[in-house]
Amino acid sequence: MLFTGLCLSVSSFQGILDRPTAKAWHLWSSIVLAAGLALITLLGNRAALARTAREIDRFDGDDGRWLKGAPGRLLRGGTAPPQGRFNAGQKLNAALIGGLMLAMYVTGFLLWYGERDTTYRFAGTVIVHDWGTLILMCLIAGHLYLAVLHPATRHALRGMTLGDVDEDWARKHHAKWVERAPASDRDA
Amino acid sequence: MERPTPTPRSGIPFGRAALLGTFAAGLGGIAVAPAVSRFLSNAVPAAPGGLGDVLPGLGGGWRIYSVQSPLPRFDPATFELRITGLVEKPQRLRWNDVAALPGVHQTSDFHCVTGWSVDNVKWEGIRPQTIIDLVRPKPAAKFVTLQSLETPYVDQISLDQFREPNAMLARGQDGKPLTRSHGAPLRLVLPSMYGYKNVKWVRELRFDAAAAPGYWEQRGYDVDAWVGGSNGFGQ
């Protein structure tokens, strides 16, 4: 989506793919992305998804302290307040990406529809779509760094792909989650 | 049977607030972004290659597209506008001659195919009819090809499109001479069509009998770039 979007809007990319092709790929990838999310919701484990949503939604005092101390820990290290299955940064990231994606879909629709009816062509639409792209790219780059490279967090990738994590690691980074987990879940 | 890990019901619903707040900021941004953009572009000096070129929306609504770097530089001492092709009286006009041609003022909206628009742009320039009277196209002339100082940018419109009532060869914008990044000294303004037909840095007008695709048309963009009626819609 980023590449075809750049081909549609940044002049140094505009010669790489011709406009109809770039546009078709851009539109269809957005539809496939939305359809994928819809299918996961329809066919996936909805109870588990609802639990995940609730975990992302709820922030407690530890989460507040976690967020407040995050810049300092990044610079100087130190111990973080105990966290649940997701730490406050992960929850905030998920919420921001969700909100930005909705905004991208609305502005993307307006850009598409504004070509059909110029009443819906607003000067601000493309500015929001572009800033949304910039912020999303920063969040996604941060997400990839923390998931793949950062030593303290990259073990979570195992959880995402294989479904289990090392208990000592979980106790250190997600203590409240381990406390709540039933004993049967702990020793694999 | 696997028992799910219980989830906390305590805490505040900050996640949904952040999600909805971000979404609302995006929607509100559609309304306020142009004003913020105007404010910031006044605060941030517009230097080519500066912050305004990197961060979207800092150009007062404008985005400057070019196919060559650096942008063409206008020199009044050496500039020459050629009007050639199928005409009775071909012309080579120095800048003084171009500046002396009668001009008109108009306010029109500018639309780019990539989705941005600038409303109520105040242009000053020469009506195509003035050019037509000057060179007298032959009956075989059906198209006007506009060659830019920026090579290899070229575009073509039909003679009828050249005669659109609010078409002009603009010399001034918003009360000042055209700036370098907006196509100094001359650009075509054709508000009914997307910006890529509005050739900047015009150095030659050629009256032709045959159609030939312009720079972007060779790259998949529509020849007749009507705003709201081209490039994926209305054909």
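The model shown is predicted, which means the values in this text are computed figures rather than measured ones.

### Quick notes on unusual backbone geometry
Residue and element names in this part refer to chain B. Following T151, the chain continues to P152 via a peptide bond in cis, the omega torsion being 0°. Looking along the chain, the bond that leaves A184 and enters P185 is cis, with omega of 5°. Its identity as a non-glycine residue notwithstanding, R136 has a phi of 55°, on the positive side. A tally of 11 C-beta atoms within 10 Å means that R136 is categorised as exposed. Residue D174 is not a glycine yet carries a positive backbone phi of 50°. Position of D174 relative to the elements: it lies in the loop between β7 (168–173) and β8 (176–177).

### Describing the interface of chain B and chain A
Between chain B and chain A, the contact holds 49 residues from the first and 51 residues from the second. If you list the elements that add at least two residues to the side of chain B that touches chain A, you get α1 (14–43) and β4 (117–126) of chain B. The greatest single-element share of the side of chain B that touches chain A, amounting to 18 residues, is contributed by α1(B). The class makeup of the residues in the side of chain B that touches chain A is 24 nonpolar, 21 polar and 4 charged.

### Remarks on the domain arrangement of chain B
For chain B, the assigned domains are domain 1 (14–54) and domain 2 (80–219). Computed over C-alpha atoms only, the centres of domain 1 of chain B and domain 2 of chain B are separated by 33 Å.

### Some thoughts on the environment of T84(B)
Residues and elements named next belong to chain B. Following the sequence through the fold, T84 ends up in strand β1 (residues 80–85). C-beta crowding within 10 Å serves as the criterion here: with 16 such atoms nearby, T84 is assigned to the partly exposed category. Once the C-alpha coordinates of T84 and S10 are considered, the two residues, 74 residues apart in sequence, prove to be 78 Å apart. Ignoring any residue separated from it by four or fewer positions in sequence, one finds T84 in contact with P90, E204 and R206.

### Here we look at the pairing of β7(B)
Residues and elements named next belong to chain B. β7 sits mainly inside the fold: 5 of its 6 residues count as buried. As judged from the 4 bridges shared by β4 and β7, these two strands associate in the antiparallel manner. For I126, the partnering residue across the bridge sits in β7 and is L169. Here β7 runs beside strand β9 (residues 187–189); their pairing, made up of 3 bridges, is antiparallel. The residue of β9 that forms the bridge with M168 is V189. Taken together, the 2 bridges between β7 and β8 define a ladder with antiparallel strand orientation. Bridging from a neighbouring strand, G172 pairs with P177 of β8. Linkage of β7 to β8, two consecutive antiparallel strands, is achieved through a turn of 2 residues, within which D174 is found at a positive phi near 50°.

### Some points on the confidence of the model for chain B
Scored by pLDDT, chain B has a mean of 87; 86% of the residues are at 70 or more. Interface confidence in the predicted complex, given as ipTM, is 0.89; pTM for the same model is 0.77.

### With respect to the sheet that holds strand β2 (residues 91–94) of chain B
Residue and element names in this part refer to chain B. The sheet built from 5 strands is open, its strands ordered β2-β1-β10-β5-β6 with mixed pairing. Only two strands of the sheet have a single partner each, and these edge strands are β2 and β6 (154–158). If you compare each strand with its neighbour and ignore which way they point, the axes differ by 15° on average. Across 6 bridges, the pairing between strand β5 (residues 143–148) and strand β10 (residues 202–208) is antiparallel. If you follow F143 over to β10, its bridge partner there is D208.

### A closer look at the pairing of β6(B)
All names here are of chain B. Bridge count for β5 against β6 is 5 bridges, and the pairing is antiparallel. Looking at β6, one finds that T145 is bridged to Q156. Here β5 hands over to β6 after 5 residues, the two strands then running antiparallel side by side.

### Overview of the packing of helix α5 (residues 88–114) of chain A against helix α6 (residues 123–149) of chain A
Residue and element names in this part refer to chain A. Two numbers describe how α5 lies on α6: the axes approach to 9 Å, and their chain directions differ by 150°. Judged by the sense of rotation from one axis to the other, the crossing of α5 with α6 is left-handed. Packed against α5, whose contacting residues are N93, L96, I97, L100, A103, M104, T107, G108, L110, L111 and G114, the element α6 presents T125, V126, V128, H129, G132, I135, L136, L139 and H143 at the interface. The residue inventory of the contact of α5 with α6, partitioned by class, reads 12 nonpolar, 8 polar and no charged.

### Overview of the confidence of the model for chain A
Here chain A averages 87 in pLDDT, while 97% of its residues score no lower than 70. Across chain A, α5(A) holds the top mean pLDDT of 94, while helix α10 (residues 183–186) of chain A sits lowest at 68.

About the cut-offs
Residues numbered from 1 in each chain as written. Chains lettered and ligands numbered in written order. Predicted model: local features only at pLDDT ≥ 70, side-chain atom pairs only at ≥ 80, totals over all residues. Buried ≥ 20, exposed ≤ 12 C-beta atoms within 10 Å, placed from the backbone. Helix = DSSP H or I, 4+ residues; strand = E, 2+ residues; numbered from the N terminus. Contact = placed C-beta atoms within 7 Å. Nonpolar A, V, L, I, M, F, W, Y, C, P; charged D, E, K, R; others polar. Domains from an automatic or database assignment. Pairing = 2+ DSSP bridges. pLDDT = per-residue confidence, 0-100. Axes fitted to C-alpha atoms, helices over the stretch in contact; angles between N-to-C directions. Left-handed = near helix turned anticlockwise from the far one by under 90°.

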